[in-house]
Amino acid sequence: MNKKMGGDLNKIQVTGKYMIEIWKALGMNTEGDQVQFLWSSDEINSRGHEYWPLVEDIAIKNTLSRIVRCGQIMGRSEQDELSAAQIFYPCMQCADIFFLKMGMDQRKVNMLAREYCDAIKRKNKPIILSHHMLPGLLEGQEKISKSDPSSSIFMEDEEADVKLKIKKAFCPPKVVEKNPCLEYIKYIVIPWFNEFTVERKPENGGDKTFKSFEDLVVDYESGELHSGDLKPALAKAVNQLLQPVRDHFNNDPKAKELLKRVKVCAFDFFLNFELYGTDDKQMWNVSLKKYSVQIIS
């Protein structure tokens, strides 16, 4: 209903299976009963008598303007362009939180779920656990841009892709705030490896390993650590993290086939954007270039 993958459930499930393969490559133990994957569509179809009355009740207890505030299109002049599905979708997102006993949705829908508890006088409200949102890699990108593949690192990016993206990333000397390279180090590299190592020539201070982000900040703000040395070290660390994923998708026949299908699905998705007359031409041009090259290769 939100037009992901053109609204094709088969393509969405292919993408879900692809994500499972990524988690496995990063060390998730999927053997036995430690982890169970549920398809929400299967759960809804098997227990529709529980799900749809819940969706209906959420819709009844909220005004149209409250539901629209949960949508992606927020401008008043654009509200008339919303499809009925886009208005109904937040009610389903909200219902998922109660029906599936958990949810991974935007904060606006989470707040809608908590307000719904007030409306039905339910004391046990859903708890919102929010993680830090990484910025885009380029200057001025407060979050990753869907229309610009160079704004983020993809799990299937090759080593050269990662090096190029980080080389072009915004990383002003001595500036820590809103520095995407430092954000990657703080929230990904150090938590994963418990350290961050910078390799430098002796005349530039020699190699140095940082055990905490705070220590790195001291050197970076003082100018002792330059972005020209930090970027190659960041690219090396990210590539080291991604290498098991690359190996898995190169060596496992099932995973390799899934990756091919995901790229085709993504290509079809952006093709649909053009066919249906999207105004986001930048998204179409950049994404078509990215995925068409990968499919042909």
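Everything in this summary refers to the structure shown in the same document. (Residues numbered from 1 in each chain as written. Predicted model: local features only at pLDDT ≥ 70, side-chain atom pairs only at ≥ 80, totals over all residues. Heavy atoms only, no water.)

**Details of the overall build of the protein chain**
Note the cut-off: Helix and strand assignments follow DSSP, with helices taken as H or I runs no shorter than four residues and strands as E runs no shorter than two, numbered in order from the N terminus. Buried means the residue's accessible area, taken with a 1.4 Å probe over protein chains only, is under 20% of the maximum for its type, while exposed means over 50%, and partly exposed covers the values in between. It only takes one pair of heavy atoms within 4.5 Å for two residues to be counted as in contact. What sets the accessible areas is the Shrake-Rupley method with a 1.4 Å probe; for residues, cover comes only from the shown protein chains.
Broken down by element type, the protein chain carries 12 helices and 2 strands. When its helices and strands are written in sequence order, the protein chain yields α-α-α-α-α-α-α-α-β-β-α-α-α-α. The buried share of the protein chain, reckoned over its 297 residues, is 38%. When contacts within the protein chain are restricted to residue pairs at least 6 apart in sequence, long-range pairs at least 24 apart make up 59% of them. Accessible surface for the protein chain amounts to roughly 18500 Å². Of this, 53% is attributable to carbon and sulfur atoms.

**Some details on the environment of Glu-257**
One can find Glu-257 in helix 11 (residues 253-275). On the accessibility criterion, Glu-257 (43% relative accessible area) is partly exposed. Each C-alpha atom of the pair Glu-257 and Tyr-18 lies 9.5 Å from the other, and the pair is 239 residues apart in sequence.

**A short note on the pattern of salt bridges**
Formally: The salt bridge definition used is simple: a Lys or Arg side-chain nitrogen within 4 Å of an Asp or Glu carboxyl oxygen.
Applying the stated criterion across every chain, the model contains 12 salt bridges. The residue Glu-21 makes a salt bridge to Lys-254 at a minimum N-O spacing of 3.9 Å. On the criterion of sequence distance, the pair formed by Glu-21 in helix 1 (residues 9-25) and Lys-254 in helix 11 is long-range, its members being 233 residues apart. A salt bridge links Lys-208 to Asp-219, with the nearest nitrogen and oxygen atoms 2.6 Å apart. With Lys-208 in strand 2 (residues 208-210) and Asp-219 in helix 9 (residues 213-222), this pair connects stretches of sequence that are 11 residues apart. A residue is classified by how much of its surface remains accessible, and Asp-219, at 7% relative accessible area, is buried. One salt-bridge network, in which partners are shared between bridges, spans Glu-21, Lys-24 and Lys-254.

**Re the packing of aromatic side chains**
Spelled out, the test is: Classification of ring pairs uses Phe, Tyr and Trp, with its six-membered ring standing for Trp, and accepts pairs whose centres are within 6.5 Å; under 30 degrees between planes counts as stacked, over 60 as edge-to-face, and the remaining range as tilted.
A complete count under the given rule lists 5 aromatic pairs for this structure. Put simply, the rings of Tyr-51, Trp-52 and Phe-99 touch in pairs and so form one group of aromatic residues.

**What to know about the packing of helix 3 (residues 48-60) against helix 5 (residues 84-99)**
The test is simple: For helices, the fitted line uses only the C-alpha atoms of the stretch in contact; every axis is such a line through C-alpha atoms, and the angle between N-to-C directions lies from 0 to 180 degrees. Throughout, the term roughly parallel applies to angles under 35 degrees, roughly antiparallel to angles over 145, roughly perpendicular to angles from 65 to 115, and oblique to all others. Here a crossing is taken to be left-handed if its near helix is turned anticlockwise relative to the far helix by less than a right angle, and right-handed if that turn runs clockwise.
Close contact between helix 3 and helix 5 brings their axes to 9 Å; oriented N to C, the two are set at 125°. Taken together, helix 3 and helix 5 sit at an angle that is classed as oblique. Crossing of helix 3 against helix 5: the hand is right-handed. On helix 5, the residues that touch Glu-50, Tyr-51, Trp-52, Leu-54, Val-55, Ile-58 and Ala-59 of helix 3 are Phe-88, Cys-91, Met-92, Cys-94, Ala-95, Asp-96, Phe-98 and Phe-99.

**Quick word on the packing of helix 7 (residues 159-168) against helix 10 (residues 227-251)**
Running from amino to carboxyl end, helix 7 crosses helix 10 at an angle of 150°, the nearest separation of the two axes being 9 Å. One way to sum up the angle between helix 7 and helix 10 is to call them roughly antiparallel. Of the two elements, helix 7 crosses helix 10, and the hand of that crossing is right-handed. Here helix 7 contributes Glu-159, Val-162, Lys-163, Ile-166, Lys-167 and Lys-168 to the contact with helix 10, which in turn contributes Lys-231, Leu-234, Ala-235, Val-238, Asn-239, Leu-242 and Arg-246.

**Quick look at the nonpolar core**
Nonpolar side chains in soluble globular proteins generally cluster together in the buried interior. Where we set the bar: What makes a nonpolar core is a set of buried Ala, Val, Leu, Ile, Met, Phe, Trp, Tyr and Cys residues whose side-chain atoms join them at distances within 4.5 Å.
Counting 30 residues, the largest nonpolar core has Ile-185, Phe-196, Leu-216, Leu-230 and Leu-234 as the members making the most contacts within it. Those elements that provide at least two residues to this core are helix 7, helix 8 (180-193), strand 1 (196-198), helix 9 and helix 10. For this core, the leading source of residues is helix 10, giving 8 residues. When near neighbours in sequence (up to four residues on either side) are disregarded, Leu-234 contacts Ile-166, Cys-181, Tyr-184, Ile-185, Val-189 and Phe-196. Grouped together as the second largest cluster of nonpolar side chains are 19 residues, Tyr-51, Phe-98, Phe-99 and Cys-117 included.

**Here we look at unusual backbone geometry**
Of all residues except glycine, most have a negative phi; of all peptide bonds, most are trans. You will see that Lys-178, though not glycine, has its phi angle at about 55°, which is positive. With respect to the helices and strands, Lys-178 occurs in the loop between helix 7 and helix 8. For Lys-178, a relative accessible area of 68% gives the class exposed.

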